[in-house]
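Residues per chain, in single letters:
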Amino acid sequence: MDAQDQLHEYKEKIKNEIKGLINIGSFDQANLIIEELEKIIKADSDVANMKAIIRLLTGQFEEAEKMLWDCFASNNQNPDILYNLAYLYQQLDEQDLSYRLYRHVLQYAEDQDFKMEVESIIQDISLRLQEEQKNIKDFIILSNCNWESVSERSTQLARALAHSGYRVSYINRSRNKVAVNNPNPQLIEQESYEGAVMEWGFVKVMTPTVWTYLDNEIAVNDKEWVQKLVNDSTNEVVIICNTASDINIVNEIKGNVKIVYECADDSLSTFSEWKDRPNRKFESLMIKKADAVLTSSIAQYLSKTPNQENVYLANDYSSDRVRLLMEILYREPQQYSKKNMITRLQADFEKNPDREESPLLSQYAATFAETNVERFLSLSEKAYLGLRSEYTLQNYAYASYLNGEVAKCIENVLNDSNVEDVFKSEIVFLKKNHQKQINQLLTIKLLYLARRYDLITNEIDKLEGLVRDVEYANYYCEIADLAQAERYYKQVLSSETFFRGSPLLNRNLAGLFVQKGEIAEAQKYWKHKNALIENYIPRKDRVSRVRFSIVIPTRNSHNTLEYTLRTCLDQQFDDCEIIVSDNSSNELTKEMIDRLADSRIKYIRPSRELAMTENFNFAISQVSGEYVIVLGSDDGLLLHALSMLDCLLGTLQTKVLHWNYLNYGWPDVTMDGFQNYLGIVPFHSGRIAFREMDSMQVIQGVIGYALPHTVLPMLYCNAVIHADILTEMAEITGSVFNCSIPDVYSGFAAAYLQKKYISVNIPMSIGGASGNSNGIAYHHGKSDRKSNEIKNDFLRLNNQAGFKRENVIPNVKAVESAIADAFVNAKNLFFSDDEFLEMDRKKMIQKCADGLIRSHSTFEDDLNKLHDSLNDSPELQQWFDTTIMKRKETIGSAKQGAFEYRRGFNEGNLLCLNAMDFGVTDVYGAAQLVGKITGV
């Protein structure tokens, strides 16, 4: 018998001994043996199950429940664990849950005597249950959220259903992508479940595959999977949809199914990305198709209720939603009916002394939408005039439509500073140029404000001629049906018509061309749209918020900052402010800015010396713009940046836009070989490509060191972020930046909060590296006087501000440890409970070690720092001792290498230049050179 067999025999012997002690009630002795056994074997489900049994038999039900579910999650076909769970709930008098779990035991039990015992228990329990409680259902959840996103409502609902004893197939709609060489979808063999399914207790997490040809989707197997799950189930199947566009799947599913629409409470926000626009069309179709529509928002409930009986208001807690779901699916209880719910809401509003304050008054008004439209109008108008918000306008617009008060509502809208300028200018354009069908046209605009997309096409059909084509084109743009929109726009543009002067038409055409990747054509229409708004809406009546805030925190860098500012001032777009936060120890920066004398520059100065992160926060606190970009004082914007960003943000409607910046080495940079380097990623001057990034996958990739940290949407040089995101960051943590590595920290935070963001292939900025750079001085600086002064100043101010690294992060000069530090800080503040987003510490330590220089005097000290950072993990320390310390003569590099490149195009199609060859000695000259080369 080999050692492995001996160990197995020993473990089985000990387990049997523990079982014997449990059977005779010697729980203390059993616990002692379990503690000793766990020192030898880790994560054994049998041992964990026995620990849970002891808790169960000693009345520690809550602890036993958690332990048993944890056991079941790791070993979900073990009949003993299921039996213990069923017995637990039987003791807690949760008979229907116990009944379902005992039924599951029969699927996996093999011993016939055991099965007969379980069948007898099931028969006994069934006598005490109502018929509907014995009706077991299977659930399919279609979700756009990754299973790893534990804070998302769909994953919480799946877990709650599983803990209620129901089987759940969680179809993760993020999808795996597979590129094929043949575009014929019939030739693609549909992927089986194997390899694409992860099991978590009663939950099967399934990730469909989408097949692409030349980046175009040609096939996806999610419909086939749903149909197969329905066909294979012997129970009634409930399909839970989180997105209205899932109507395209459920409409084709055959079998014994019920549809539940678990709608997001912000599903029709006006600030939604292009990809979400189809939901505007599908929303009403899904509501009509679903057996039940659940929402936790009173506002959303009231907006979906008119003429619908299947909408239910649920609490936002997963267990409550499961309880409500079961009530609706099994019994359709009268207390949740629309009539009772509306009556209850009205009574609650009428008892509320703050009812007259918006938006409560607007919600109260909406309760009369079907029973008293005149009162609906009077109350909603009062609410809207009291608080001109998106929600109060939605109700007021719908009430005005129902009461035929279109003209009055439109006049109020024209005086609303919160309504988009393009929308208001379109109304002015129509009133000036098209009196014949103006009533129908204004009614259509009102329905857009009311978000009643189900009624819009009825009104469009009342129009005639080219006007009808224009409105259908606009409608199809609103719901992102690009093919239909383009077909109608072609008819409009083929004729000489005054509609070429429509701000809305020009905006939509810009969006259409962005989706097609034709950025030059898109910008043409976008600029025309901006000019038309200038013509139709006086400046005083327009949305007053600055479009861009460019933030430049600086310290003793006036010589490079002047050229950074020139890149920001020499843009083809003026609606911006440039905030310079001067944390310098001299007056040279202020003197330089006074010399530039440009009103767009807002100079501020803190009252005391600040650490870099503190200066970032001080500068950010001064912004008034809609979108924010942060640059270092040796970085720069490319000269096309603001005009192109304005177009992209306006058409894609995203709050976070990311790009990869270009790299430039100033002549005085201390990193050998990097002086005067300029790397340009070639891009077509008239074309653009963009893709949606899944934040969870990006964060996992970065902290697993499989992706570079620059793929994060950092509030520093490579992303523009909406001010709302920054406000949310500050509200959660007290400030926007909370780490000595502010750029990477902000990337983790913004990505996590936004969940998805857009990345474009055209760079918008240049990341400069100069002799004034903190990062270069700290990570790459030589022992020259200037680098040491910058490094020591950086460390002094950080210490003064109290910034220090966590003990698990080695304090070595490595980019990987800086990334880890930023991640740990972001995780602690934003997603501490997210167990799936974990740093790969082993890889981090390995990469830090690989980056060490053996000839440096700090080599041994740095190795010890790496080792000491693993004090909390003896297992990792042992790995470090055996794989790194014992071969430290081969770790890292023998000496510091210089940055090397070959002029011209390298293998990655990167154009590498020595900027000095073109007479370029600063970042502004580099930006001009990029413009000349690329033609943008």
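Scroll up for the structure.
Residues numbered from 1 in each chain as written. Predicted model: local features only at pLDDT ≥ 70, side-chain atom pairs only at ≥ 80, totals over all residues. Heavy atoms only, no water.

Q: Got a minute to help me understand the overall build of the protein chain in this structure?
A: Helix and strand content of the protein chain: 39 helices and 25 strands. Computed over C-alpha atoms, the radius of gyration of the protein chain comes to 32 Å, within 12% of the 30 Å expected from 2.2 N^0.38 for 936 residues, which places it in the range of a compact globule. With respect to the principal axes defined by its C-alpha atoms, the protein chain has extents near 90 × 85 × 65 Å. A buried classification covers 56% of the 936 residues belonging to the protein chain. Sequence separation of at least 24 residues holds for 69% of the intrachain contacts in the protein chain that already meet a minimum separation of 6. With the model as given, the accessible surface of the protein chain reaches about 41,000 Å², and the carbon-plus-sulfur share is 46%. Counting 102 positive and 131 negative side-chain charges, the protein chain places the averaged centre of each group 4 Å from the other. (Helix = DSSP H or I, 4+ residues; strand = E, 2+ residues; numbered from the N terminus. Rg over C-alpha atoms; globule rule 2.2 N^0.38 Å. Buried < 20%, exposed > 50% of the residue type's maximum accessible area, 1.4 Å probe, protein only. Contact = heavy atoms within 4.5 Å. Areas by Shrake-Rupley, 256 points an atom, 1.4 Å probe, with all protein chains shown as cover. Lys, Arg positive; Asp, Glu negative; His and termini not counted. Charge placed at Lys NZ, Arg CZ, Asp CG, Glu CD.)

Q: Explanation requested: the sheet that holds strand 3 (residues 176–179) in the structure shown.
A: Backbone hydrogen bonds are what pair the strands of a sheet, in a parallel or an antiparallel way. Reading across the sheet, the three strands line up as 3-6-7 and stay open at both edges, with mixed pairing between neighbours. Edge strands, defined here as strands with exactly one partner in the open sheet, are strand 3 and strand 7 (216–220). Adjacent strand axes in the sheet meet at a mean angle of 35 degrees, parallel and antiparallel pairs treated alike. Alignment of strand 6 (residues 209–213) against strand 7, held across four bridges, turns out to be antiparallel. Each bridged residue has a counterpart across the sheet, and for Y213 the counterpart in strand 7 is N216. (Pairing = 2+ DSSP bridges. Axes fitted to C-alpha atoms, helices over the stretch in contact; angles between N-to-C directions.)

Q: Mind showing me how you'd approach the packing of helix 4 (residues 61–74) against helix 5 (residues 79–91) here?
A: The relative placement of two packed helices is expressed as an angle between their axes plus a distance between the axes. The N-to-C vectors of helix 4 and helix 5 enclose an angle of 155 degrees; their axes lie 10 Å apart at closest approach. One way to sum up the angle between helix 4 and helix 5 is to call them roughly antiparallel. You can see that helix 4 and helix 5 cross each other, and the crossing is left-handed. Contacts between helix 4 and helix 5 involve F61, E65, L68, W69, C71 and F72 on the former and, on the latter, I81, L82, N84, L85, L88, Y89 and Q91. Classifying every residue of the contact of helix 4 with helix 5 by side-chain character gives ten nonpolar, two polar and one charged. (Parallel < 35°, antiparallel > 145°, perpendicular 65-115°, else oblique. Left-handed = near helix turned anticlockwise from the far one by under 90°. Nonpolar A, V, L, I, M, F, W, Y, C, P; charged D, E, K, R; others polar.)

Q: Help me understand helix 35 (residues 815–830), please; the structure alone is not making it clear to me.
A: Spacing of three or four residues puts side chains on the same side of an α-helix, whose turn is 3.6 residues. Its 16 residues place the ends of helix 35 22 Å apart at the C-alpha level, agreeing with the 22 Å of an ideal helix rising 1.5 Å per residue. Taking burial as the measure, the 16 residues of helix 35 include twelve buried ones, the bulk of the element. Within helix 35, the full set of buried residues consists of S817, A818, I819, A820, D821, A822, F823, V824, N825, A826, K827 and F830. In this structure, the buried side of helix 35 is in contact with helix 30 (695–703), helix 31 (723–733), helix 32 (742–754) and helix 36 (841–850). (Expected span 1.5 Å × (residues − 1).)

Q: I'm lost on unusual backbone geometry in this one. Help?
A: Across residues other than glycine, the phi torsion is negative in most instances, and most of the peptide bonds are trans. Positive phi, normally seen in glycine, also occurs at Q653, with a value near 50 degrees. Residue placement: Q653 occurs in the loop between helix 29 (641–652) and strand 17 (656–658). Despite not being glycine, K755 has its phi angle at roughly 70 degrees, a positive value. Looking at the element boundaries, K755 is found in the loop between helix 32 and strand 22 (756–760).

Q: Hey, could you run me through the pairing of strand 12 (residues 546–554) in this one?
A: Strand residues, when the strand is regular, have side chains that alternate between the two faces of the sheet. In terms of residue burial, strand 12 counts as a mostly covered element, since nine of its nine residues are buried. Bridge analysis of strand 12 against strand 15 (residues 625–630) gives five bridges, and the strand direction is parallel. Bridged to V546 within strand 15 is G625. Looking at chain direction, strand 12 and strand 13 (residues 576–582) are connected through seven bridges and run parallel. Considered in strand 13, the bridge of V551 is made with I579.

Q: Mind showing me how you'd approach the sheet that holds strand 14 (residues 601–604) here?
A: Strand order in this open sheet of eight strands is 14-13-12-15-21-17-22-20, and the pairing throughout is mixed. Across the chains shown, the open sheet's two edge strands, defined by having one partner strand only, are strand 14 and strand 20 (690–694). When the angles between neighbouring strand axes are averaged without regard to direction, this sheet yields 25 degrees. Along the sheet face, helix 29 touches strand 12, strand 13, strand 15, strand 17, strand 20, strand 21 (719–722) and strand 22 and points at about 125 degrees away from the line of strand 12.

Q: In this structure, what is going on with the packing of helix 36 against helix 38 (residues 874–883)? I would like to understand it.
A: Put simply, helix 36 and helix 38 touch, their axes get as near as 11 Å, and they point 30 degrees apart. Considering their axes alone, helix 36 and helix 38 lie roughly parallel with respect to each other. Helix 36 and helix 38 meet at a crossing whose hand is right-handed. Two secondary-structure elements touch here, helix 36 through R841, K842, I845 and Q846 and helix 38 through L876, W879 and F880. Per-class residue counts for the contact of helix 36 with helix 38 are four nonpolar, one polar and two charged.

Q: Quick question: what am I supposed to make of the packing of aromatic side chains here?
A: One pair of aromatic rings is described through two measures. These are the centre distance and the angle between the planes. Under the criterion given, the structure shown has 35 aromatic pairs. In textbook terms, an aromatic cluster arises when at least three aromatic residues are bridged by ring pairs, as seen for Y472, Y475, Y476 and Y488. Looking at K529, its charged tip hangs above the ring of W526, at a distance of 3.5 Å from the centre. Over the ring of Y752 we find K755; its NZ or CZ atom is 3.6 Å from the centre of that ring. (Phe/Tyr/Trp six-rings, centres within 6.5 Å; stacked < 30°, edge-to-face > 60°. Lys NZ or Arg CZ within 6 Å of the ring centre and 35° of its normal.)

Q: I'm lost on the nonpolar core in this one. Help?
A: Here is a general trend for soluble globular proteins: nonpolar side chains tend to be buried in one another's company. With 140 residues, the main nonpolar core has I239, F548, L565 and L648 as its most contacted residues. Looking at which element gives the most residues to this core, the answer is helix 20 (residues 438–450), with nine residues. In contact with L565, other than residues within four places in its own chain, are I552, I578, V580, M592, I593, L596 and I601. I620, V698, I845 and L863 belong to the second-largest nonpolar core, a separate cluster that totals 64 residues. (Core = buried A, V, L, I, M, F, W, Y, C linked by side-chain atoms within 4.5 Å.)

Q: Quick question: what am I supposed to make of the pairing of strand 15 here?
A: Counting buried positions along strand 15 gives five out of six residues, so the element sits mostly inside the fold. Pairing between strand 15 and strand 21: two bridges, direction antiparallel. Looking at the pairing, Y627 lines up with H722 of strand 21.

Q: Explain the environment of D93 here, please?
A: Secondary-structure assignment places D93 in the loop between helix 5 and helix 6 (95–108). Between the C-alpha atom of D93 and that of M198, which follows or precedes it by 105 residues, the distance is 32 Å.

Q: Help me understand helix 27 (residues 588–596), please; the structure alone is not making it clear to me.
A: Every buried residue of helix 27 is listed here: T589, M592, I593 and L596. Looking down the long axis of helix 27, one finds its buried residues gathered within 95 degrees of arc, a one-sided arrangement. Lining the buried residues of helix 27 we find strand 12, helix 26 (558–569), strand 13 and strand 14. Two residues or fewer after helix 27 comes A597, characterised by a positive phi angle close to 50 degrees. (Arc of directions from axis to C-beta.)

Q: For this particular structure, what's the right way to read the pattern of salt bridges?
A: Side chains that differ in charge, positive against negative, can pair when their charged atoms come close. Scanning all chains against the criterion turns up 50 salt bridges. In this structure, K338 engages E309 in a salt bridge whose closest nitrogen and oxygen atoms are separated by 3.4 Å. Here K338, found in helix 14 (residues 338–351), pairs with E309, found in the loop between helix 12 (298–304) and strand 11 (311–313); they are 29 residues apart in sequence, far enough to count as distant. Using a relative accessible area of 57% as the deciding quantity, one classes E309 as exposed. For R355, the salt bridge goes to E356, with nearest N and O atoms at 3.6 Å. Since its relative accessible area comes to 35%, E356 is described here as partly exposed. In this structure, a network of salt bridges that share partners links the residues R280, E420, E478 and R507. (Salt bridge = Lys/Arg side-chain N within 4 Å of Asp/Glu carboxyl O.)

Q: So what exactly am I meant to see when it comes to the side chain of S45 here?
A: Within the fold, S45 resides in helix 3 (residues 45–57). Look at S45 and you get buried, because its relative accessible area is 17%. At 3.1 Å, the side chain of S45 and the side chain of N75 are in polar contact. In contact with S45, not counting residues within four places along its chain, are C71, S74 and N75. (Polar contact = N/O pair within 3.5 Å; in protein donor to acceptor, adjacent residues only side chain to side chain.)

Shape descriptors only; they carry no functional weight alone.
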